[in-house]
Amino acid sequence: MEEKELTSGVRTIHQREAWVEGIFTRVKSVIGNYGNPQVSTCSSLCVTSLKNSYVRGQIFPFINIPIRYREKELLGLYEYFGEQMPLVDKHIYCDFVVHSIYYAENKEPASIKTMEDRARQIFKDKGYEILNFEDGMATITIDRKVVEEEEEFTNLLKSLLDGAIKMQVETE
């Protein structure tokens, strides 16, 4: 019987760990050079250990990188989220977290609707096509070709950071 390898984003499952580590290194570099100490990400990718897996020492081979602003979620880069956001060869996903909605203490429907409408307009003005907007989290896609090009991905990530931080002020 011939063994068939799982592929996504033109990589076999065996090539993905190094690729994901490379993406994470680029994201950390952008954040480190961004010039805003209030922007951060995790210190390392989750590596399997004796407590969280049977086979140890591997990185779960999918992009799943949080970016925080003032210790709150700001952006999230990931490859899939179940059936809602399936793993596809064409793109990865990026979530924008709108703090005034996502972390709202007063979830009054009229107030939330006003903030969501304002956020949707900002996304539209920036040319982002929203796949999903729920509870203050808007999802867009990033073409995998962009992720592969270091300079293009760096520029896009800086632009996403600028836009996401600015949005926090504009939607308060």
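Computed from a predicted structure; not experimentally measured.

About the cut-offs
- Residues numbered from 1 in each chain as written.
- Predicted model: local features only at pLDDT ≥ 70, side-chain atom pairs only at ≥ 80, totals over all residues.
- Heavy atoms only, no water.
- Helix = DSSP H or I, 4+ residues; strand = E, 2+ residues; numbered from the N terminus.
- Contact = heavy atoms within 4.5 Å.
- Expected span 1.5 Å × (residues − 1).
- Buried < 20%, exposed > 50% of the residue type's maximum accessible area, 1.4 Å probe, protein only.
- Pairing = 2+ DSSP bridges.
- Axes fitted to C-alpha atoms, helices over the stretch in contact; angles between N-to-C directions.
- Phe/Tyr/Trp six-rings, centres within 6.5 Å; stacked < 30°, edge-to-face > 60°.

A.B. asks: If you had to explain the side chain of H91 to someone new, which residues and values would you point to?
C.D. replies: In this structure, H91 sits in strand 6 (residues 91-97). Residues within four places of H91 in sequence aside, it is in contact with T141, I142, D143 and R144.

A.B. asks: Tell me what's going on with helix 5 (residues 150-170), and back it up with residues and numbers.
C.D. replies: For the α-helix, the turn length of 3.6 residues means that residues three or four positions removed from each other point alike. In this model helix 5 runs 30 Å from its N-terminal to its C-terminal C-alpha over 21 residues, within 8% of the 30 Å that 1.5 Å per residue would give. Every buried residue of helix 5 is listed here: F153, T154, L157, L160, L161, G163, A164, I165, M167 and Q168.

A.B. asks: I'd love a proper account of the sheet that holds strand 6, names of residues and values included.
C.D. replies: Reading across from one edge, 3-4-5-6-8-7 is the order of the six strands in this open sheet, with antiparallel pairing throughout. Edge strands, defined here as strands with exactly one partner in the open sheet, are strand 3 (39-41) and strand 7 (132-134). Within the sheet, the average angular offset between the axes of one strand and its neighbour, ignoring direction, is 20 degrees. Relative to strand 4 (residues 64-69), strand 3 runs antiparallel, the two being bridged by three bridges. Counterpart to V39 in the pairing with strand 4 is Y69. Strands strand 3, strand 4, strand 5 (72-78), strand 6 and strand 8 (137-143) of the sheet are contacted by helix 5, whose axis makes an angle of about 150 degrees with strand 5.

A.B. asks: Got a sec to walk through the packing of aromatic side chains? Specific residues and values, please.
C.D. replies: Tallied over the entire structure, the rule returns seven aromatic pairs. Plain terms: the ring middles of F62 and Y80 are 5.2 Å apart, the flat faces sit at 80 degrees to each other, and that makes the pair edge-to-face. Highlighted residues: F62 in the loop between strand 3 and strand 4 and Y80 in the loop between strand 5 and strand 6, separated in sequence by 18 residues. Classification of F62 as buried rests on a relative accessible area of 13%. Aromatic pair F96 and F123: ring centres 5.0 Å apart, planes at 75 degrees, arrangement edge-to-face. Here F96 is found in strand 6, whereas its partner F123 is found in helix 3 (residues 109-125), with 27 residues between them in sequence. Residue F96 shares its accessibility class with F123, and that shared class is buried.

Honestly, it's all geometry; don't read function into it.
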